[in-house]
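Topology and contacts: notes
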Amino acid sequence: MQKIGVFVCWCGSNIAATVDVKRVAEALSHENGVVYSTDYQYMCSEAGQNLIKDAIKTHGLTGVVVCSCSPRMHENTFRKACALAGINPYMVEIANIREQCSWIHKDMVQATAKAIILGKAAIAKVHLNAPLTAGTSPVKKRALVIGGGIAGIQTALDIAEAGFEVDIVEKKPTIGGKMSQIDKTFPTLDCAACILTPKMVDVAQNELINIYSYSEVSAVKGFVGNFTVTIKKKARYVKEDVCTGCGLCTEKCPQKKVPNEFNLGMDNRRAIYIPFAQAVPKVATIDPEYCTKLKTGKCGVCEKVCTAKAIDYNQKDEFIEREYGAIVVATGFNPIDLKDYDEYAYSQSPDVVTSLEFERITNAAGPTAGKLLRPSDGKHPHTIVFVQCVGSRDTSGCGKPYCSKICCMYTAKHAMLTREKYPDTEVYVFYIDVRTPGKSFDEFYRRAVEEYGVHYIKGMVGKVAPEGDKLMVQASDLIANEQLNIAADMVVLAAAIEPDKSARPLATMLTASMDTNDFFTEAHPKLRPVESPTAGVFLSGACQGPKDIPETVSQASAAASKVIGLLVKDHLTCNPCVAESNELMCNGCSACEKVCPYGAITYIDKEFRMPDRTTLVRRVASVNPAVCQGCGACTVACPSGAMDLKGFSNNQIMAEVDAICK
């Protein structure tokens, strides 16, 4: 029989305020096999760990139950302490009496009774625990970064600087992301292209970085240290290693009416195109939806004028399989679709634009060559109204419930630059609250008001109505307590941002967690902010939540440091809580193999000796313990009950249930 020690943590007042910890320790001391039971204020502290170590040596404990917080927090802490005292770390069980008890109850009697039940369940499991030994698995010394915006670029550069190979997968023809579309950055008002393009060039010139542009991740298998990823490299119909980026084909292409997505459809491009002048890689791409040659077999002008012979109309999508030790998600964001916000006349008037469209209008490489002109008639606007929080902090169900974080600052930037370049322009900003939480951010906003004379009005815009060549803006001024009617020439909507649409299917492939808004969820919001709960998957940039450029770059470098810390290891310690098959019960149905997300289960033909001394060859499941991650999917899928999970066997779970039901 096991000799079990029980240790009940107060967790300050987190547990002790709702649970009578001394009563719990006393009640559990009478359980079968318990030879020692006590309570302590902070069991995870050094003194608390020493208490456990001393009890193990004094009482000869063979198993330990710690009634404390979630095992996600301190299970490893207690396992290490017990291992140092001579107990196998997998003879330790955590009864979560904080998150599962004290935090969800207000009545002490009820919470104490429940804490005792949780402790009894853990004790029952320890009786059936067996020592487990962790194995090791090798680490592939290569990283994958999914997304080529500033987050992906910074992550890749930092990893490569440490001497590891990195692949960047970017779904667009060039890296650069949203930052490549921006004119100036806050709060310094420096040129976005001037600070981004040198990094893009660094990526292209780094021998350890390989760029898969115009590509997507189509499948992910494996586990931390040993991921196998299939990359779909879409056909450009241009040979990347041959194209010189001269742009002659883009000048001669007769198909001129293709909406330019880089300028958000505000001008046109050719069917063969290079997104922008500083694109990396600077390689032309043929759009198969508009190319006359690919659609009808006629034309072929680009092939005729290409002196490098880079055009290949027969090119097909290519699938590449690579192995990686770590994966970084940097899929970025997009502004929300404003189709549900027609009160602002976005679909009625071309002079109602989003903030990103306004960026392109004011950009020297944009559709108006940097001149502030109205899209409808090309005239200079003299009255501009900026509307904040369009789709952000929205509880109606049309928009997003969260603050998009960057809108207040980029609106201040737009207002300031407009007043600086065009002093004859009146600028109004309607806001709910002004949120400027970064370094020098509030000072930047105050400059817009105090130095540039931007009219900040606390209030909501109710409606925008086109009347002739004007946009009649109906709004409220909450401070002055009056209704306003402004005849504007342009209206700029600060649209909420949301994760890229590729995030949800990618999360499914990575078995990564997401929140209700489709942002990737971090392993711990404070202690592990750049790690996904899925081991080996890290988060960088706005895929995890709304961020400005400085915060994005900081998180990108943090994610890179975590990846480097993983890749420097030659081997990783495996989880010994892996599945095992009872070959005598297995009927070879393949149900477990089909549900295993890691490909750890295969089937073999094995010879069995029968009672009558004959032999029988049967098809049975075989688990590769180095690949299995102990998710338990196979155990619930097995119809014959042949699959079990070490450390979480059916017998152990039923023992816990029995203890709870007594």
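Computed from a predicted structure; not experimentally measured.

Right, let's talk about the packing of aromatic side chains for a bit. Considering all chains together, one arrives at seven aromatic pairs under this definition. For the ring pair F262 and F276, a centre distance of 4.8 Å and an interplane angle of 20° mean the geometry is stacked. With F262 in the loop between β13 (258–259) and β14 (268–269) and F276 in the loop between β15 (272–273) and β16 (285–286), this residue pair connects regions lying 14 residues apart in the sequence. The class of F276 is buried, set by a relative accessible area of 12%. Centre to centre, the rings of F358 and F386 are 5.6 Å apart; their planes meet at 80°, and the pair counts as edge-to-face. On the criterion of sequence distance, the pair formed by F358 in helix α11 (residues 355–362) and F386 in strand β21 (residues 383–390) is long-range, its members being 28 residues apart. Of the residues examined, F358 reaches a relative accessible area of 1% and is grouped as buried.

Turning our attention to the sheet that holds strand β6 (residues 142–146). Pairing is parallel across the open sheet formed by five strands, whose spatial order is β10-β7-β6-β18-β29. Single-partner strands in this sheet number two, and they are β10 (209–213) and β29 (537–539). For this sheet the average axis-to-axis angle between neighbouring strands, irrespective of direction, equals 20°.

Attention now moves to α11. Taken across its eight residues, α11 has eight buried, putting it largely inside the fold. For α11, the elements touching its buried residues are β8 (184–185), β19 (333–335), β20 (352–354), β21, α12 (407–421) and β27 (490–495).

A few words on the sheet that holds strand β26 (residues 482–488). Pairing within the open sheet is antiparallel, and its three strands lie in the order β24-β25-β26. What marks the edges here is a single partner per strand, and that holds for β24 (461–467) and β26. Sheet twist, expressed as the mean angle between neighbouring strand axes with direction ignored, is 20°. With seven bridges joining them, strand β25 (residues 470–477) and β26 adopt antiparallel strand pairing. Looking across to β26, one finds that V473 is bridged to I486.

A few words on the domain arrangement of the protein. Assigned domains of the protein: these are domain 1 (4–128), domain 2 (142–234 + 317–332 + 500–567), domain 3 (248–305), domain 4 (334–498) and domain 5 (579–646). Averaged C-alpha coordinates put domain 1 and domain 5 at centres separated by 35 Å.

In contact at an axis separation of 9 Å, helix α2 (residues 21–28) and helix α5 (residues 108–128) are set at 40° when each is read in the N-to-C sense. Note on packing geometry: the crossing formed by α2 with α5 is right-handed. Facing α2, whose interface residues are R23, V24, A27 and L28, α5 presents T112, A115, I116, G119, K120 and I123.

All right, on to the pairing of strand β23 (residues 455–458) then. Both strand β22 (residues 426–431) and β23 contribute to a ladder of four bridges, which runs parallel. Directly across from F430, in β23, lies its bridge partner I457. Taking the sense of rotation as the criterion, the β-α-β connection linking β22, helix α13 (residues 441–450) and β23 turns out right-handed.

A separate point is the pattern of salt bridges. By the definition in use, this model includes 34 salt bridges. For the salt bridge of E75 with R79, the shortest nitrogen-to-oxygen distance reads 3.5 Å. With a gap of four residues between them, E75 and R79 both fall in helix α4 (residues 71–84), about one helical turn apart. Given a relative accessible area of 22%, E75 falls into the partly exposed group. Judged by relative accessible area, which is 15%, R79 ranks as buried. D351 is the partner of R374 in a salt bridge, and the nearest nitrogen-oxygen pair spans 3.7 Å. Residue R374 is found in the loop between α11 and β21, and its partner D351 is found in the loop between β19 and β20; the two are separated by 23 residues along the sequence.

As a further point, take the nonpolar core. Core analysis: the biggest nonpolar cluster contains 40 residues, and V6, I52, V64 and I97 have the highest contact counts within it. For this core, the secondary-structure elements that each account for two or more residues are β1 (4–9), α2, α3 (46–59), β3 (63–68), α4, β4 (92–96) and α5. With seven residues, α5 is the largest single contributor of residues to this core. Look past the residues within four positions of I97 in its chain and what remains in contact with it is V8, C9, I15, V19, C67, S68, S102, A115 and L118. Counting residues in hydrophobic clusters, the runner-up holds 38 residues, among them V166, A192, M200 and V530.

As for its position among the elements, R142 is in strand β6. Classification of R142 as buried rests on a relative accessible area of 11%. Note: C-alpha distance between R142 and V301 (159 residues apart in sequence) is 41 Å. Those residues in contact with R142, other than ones at most four positions away along the chain, are E165, D167, N210, R322, E323, Y324, G325, A326 and L567.

Taken together, F648, I653, M654 and V657 make up a surface patch of nonpolar side chains, about 340 Å² in accessible area. Along the chain, the position of M654 falls in helix α18 (residues 650–661). Overall, the relative accessible area of 46% leaves M654 in the partly exposed class.

Structurally, the position occupied by H414 is in helix α12. Among the polar contacts listed, one links the side chain of H414 to the side chain of E359, at a separation of 2.9 Å. Among residues more than four places away in sequence, those in contact with H414 are S355, F358, E359 and F386.

Turning next to unusual backbone geometry. For the peptide bond that leads from F186 to P187, omega is 0°, which places it in the cis range. The residue after V280, namely P281, is reached through a cis peptide bond having omega 0°. Mapped onto the elements, P281 comes out in the loop between β15 and β16. The phi angle at D518 is positive, at roughly 70°, despite the residue not being glycine. Relative to the elements of secondary structure, D518 occurs in the loop between α14 (503–510) and β29.

What follows is about the state of the cysteines. In the structure shown here, the tally under the stated rule is zero disulfides. Cysteine C408 remains unbridged, with the sulfur of C389 as its closest cysteine sulfur at 5.9 Å.

Position of E531 among the secondary structure elements: in the loop between α14 and β29. Here the side chain of E531 touches R528 through a polar contact of 3.2 Å, side chain to side chain.

Quick notes on the rules
Residues numbered from 1 in each chain as written. Predicted model: local features only at pLDDT ≥ 70, side-chain atom pairs only at ≥ 80, totals over all residues. Heavy atoms only, no water. Phe/Tyr/Trp six-rings, centres within 6.5 Å; stacked < 30°, edge-to-face > 60°. Helix = DSSP H or I, 4+ residues; strand = E, 2+ residues; numbered from the N terminus. Buried < 20%, exposed > 50% of the residue type's maximum accessible area, 1.4 Å probe, protein only. Pairing = 2+ DSSP bridges. Axes fitted to C-alpha atoms, helices over the stretch in contact; angles between N-to-C directions. Contact = heavy atoms within 4.5 Å. Domains from an automatic or database assignment. Left-handed = near helix turned anticlockwise from the far one by under 90°. Right-handed = clockwise from strand over helix to strand, strands pointing away. Salt bridge = Lys/Arg side-chain N within 4 Å of Asp/Glu carboxyl O. Core = buried A, V, L, I, M, F, W, Y, C linked by side-chain atoms within 4.5 Å. Patch = residues over 30% accessible without salt bridge, like charges linked within 9 Å, V, L, I, M, F, W, Y side chains within 5 Å. Areas by Shrake-Rupley, 256 points an atom, 1.4 Å probe, with all protein chains shown as cover. Polar contact = N/O pair within 3.5 Å; in protein donor to acceptor, adjacent residues only side chain to side chain. Disulfide = S-S within 2.5 Å.

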